[in-house]
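Chains, contacts and geometry: an overview
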Amino acid sequence: MREQYRSEAFTEDGLAADPMRQFARWFRQVAAGGMLHEPNAMVVSTATPEGRPSSRTVLLKMYDEHGFVFFTNYDSRKGRELTANPHVSLLFPWHPLARQVIVTGTATRVAREETVAYFRTRPHGSQLGAWASEQSQVIGSREELIGRYEDLEARYPEGEKVPAPPHWGGFRVVPDSIEFWQGHENRLHDRLRYVRESGEGPWRVERLCP
């Protein structure tokens, strides 16, 4: 199965000065176009210290000049792997626009105050779900999970303040490279990658063969 991508050229002279500004530019275009149900969906790939990888789709919750932030159970598989090995990759697969953004970097936990502030914005049911689910752990049945949720629902009815779980919080991915991939016909894609050698150093742009 093949598809010919037909897109406008994506060249160095049209790039933003730094990758987070370029990401913001593309993200606004994708979100405004209405072609994707969840443009903030990204594939988060982690690995154990021994190099065994795992991937899953997670929702990006915020981004700024410092990096990309998502939230999870710190005891989940990705949480445990990031704690042991902070190297991480993010992939934004914006296929309807023949675009991808690939991020490599290092994950660190966000401040507890930032986690609590975000937790307060979540729907009541999602707050309860963060407590009910021991993410990535084996459970006997769905009925057991629902039972946990219903117990919490009785304890914290709608309108009651739900505390943020101590085992739940955010990770900020600080990038060391961000690749912007634009598909074209005949597989002559544009791949422009921002790279910097140190955390505070300047960004340089490389063009990669497709």
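Let me sum up the structure you'll find in this document. The shown structure was predicted, so the numbers you read here are calculated from the model rather than taken from an experiment.

1. Points about the pairing of strand S6 (residues 99–109)
Across a regular strand the side chains alternate sides, sitting on one face of the sheet and then on the other. Of the strand pairs in this sheet, strand S5 (residues 87–94) and S6 are connected by eight bridges, and their pairing is antiparallel. Looking at S6, one finds that His87 is bridged to Thr106. Between S5 and S6, which pair antiparallel one after the other, the connecting turn spans four residues, and Ala98 there sits at a positive phi close to 55°. Taken together, the 11 bridges between S6 and strand S7 (residues 168–182) define a ladder with antiparallel strand orientation. Considered in S7, the bridge of Arg99 is made with Gln182.

2. Focus on the nonpolar core
Ranked by size, the top nonpolar core spans 31 residues in total, and within it Phe23, Phe68, Leu90, Phe92, Trp94 and Val101 carry the most contacts. Elements with a minimum of two residues in this core: helix H1 (19–33), strand S1 (41–47), strand S4 (67–73), S5, S6, S7 and strand S8 (190–195). The element best represented in this core is H1, accounting for five residues. What Trp94 contacts, discounting residues up to four positions off in sequence, is Phe23, Trp26, Phe27, Val30, Leu36, Pro39, Arg99 and Val101. Listed in part, the 13 residues of the second largest apolar core include Val69, Ala132, Val162 and Trp168.

3. Brief notes about helix H2 (residues 77–84)
All buried positions along H2 are accounted for by Lys78, Gly79, Glu81 and Leu82. Relative to the axis of H2, the buried residues are bounded by an arc of 170° and lie together on one face. Packing partners of the buried residues in H2 comprise S1, strand S2 (53–59), S4, S5, S6 and S7.

4. With respect to a negative patch on the surface
On the surface, a cluster of negative charge is contributed by Glu150, Asp151, Glu153 and Glu158. Within the element layout of this structure, Asp151 appears in helix H5 (residues 142–155). Residue Asp151 is classed as exposed on the basis of its relative accessible area of 59%.

5. A short note on the layout of surface pockets
Roughly 290 Å³ of internal volume is contained in the largest pocket. At the level of elements, S2, S4 and helix H4 (124–132) are the ones that each hand at least two residues to the lining of the largest pocket. Of the residues assigned to the lining of the largest pocket, the class counts are six nonpolar, six polar and three charged. By volume, the second largest pocket amounts to about 160 Å³. What lines the second largest pocket is Ser7, Glu8, Ala9, Phe10, Gly14, Gln22, Arg25, Trp26, Gln29, Leu97, Arg99 and Gln182. Among the elements that take part in the lining of the second largest pocket, H1 stands out by supplying four residues, more than any other.

What counts and how
Residues numbered from 1 in each chain as written. Predicted model: local features only at pLDDT ≥ 70, side-chain atom pairs only at ≥ 80, totals over all residues. Heavy atoms only, no water. Pairing = 2+ DSSP bridges. Helix = DSSP H or I, 4+ residues; strand = E, 2+ residues; numbered from the N terminus. Core = buried A, V, L, I, M, F, W, Y, C linked by side-chain atoms within 4.5 Å. Buried < 20%, exposed > 50% of the residue type's maximum accessible area, 1.4 Å probe, protein only. Contact = heavy atoms within 4.5 Å. Arc of directions from axis to C-beta. Patch = residues over 30% accessible without salt bridge, like charges linked within 9 Å, V, L, I, M, F, W, Y side chains within 5 Å. Areas by Shrake-Rupley, 256 points an atom, 1.4 Å probe, with all protein chains shown as cover. Salt bridge = Lys/Arg side-chain N within 4 Å of Asp/Glu carboxyl O. Lys, Arg positive; Asp, Glu negative; His and termini not counted. Charge placed at Lys NZ, Arg CZ, Asp CG, Glu CD. 1 Å grid on protein atoms, 1.4 Å probe; cavity = no way out; pocket = protein on both sides within 12 Å on 5 of 7 lines; lining within 4 Å. Points joined across faces, edges and corners; volume = space filled by probe spheres on them. Nonpolar A, V, L, I, M, F, W, Y, C, P; charged D, E, K, R; others polar.

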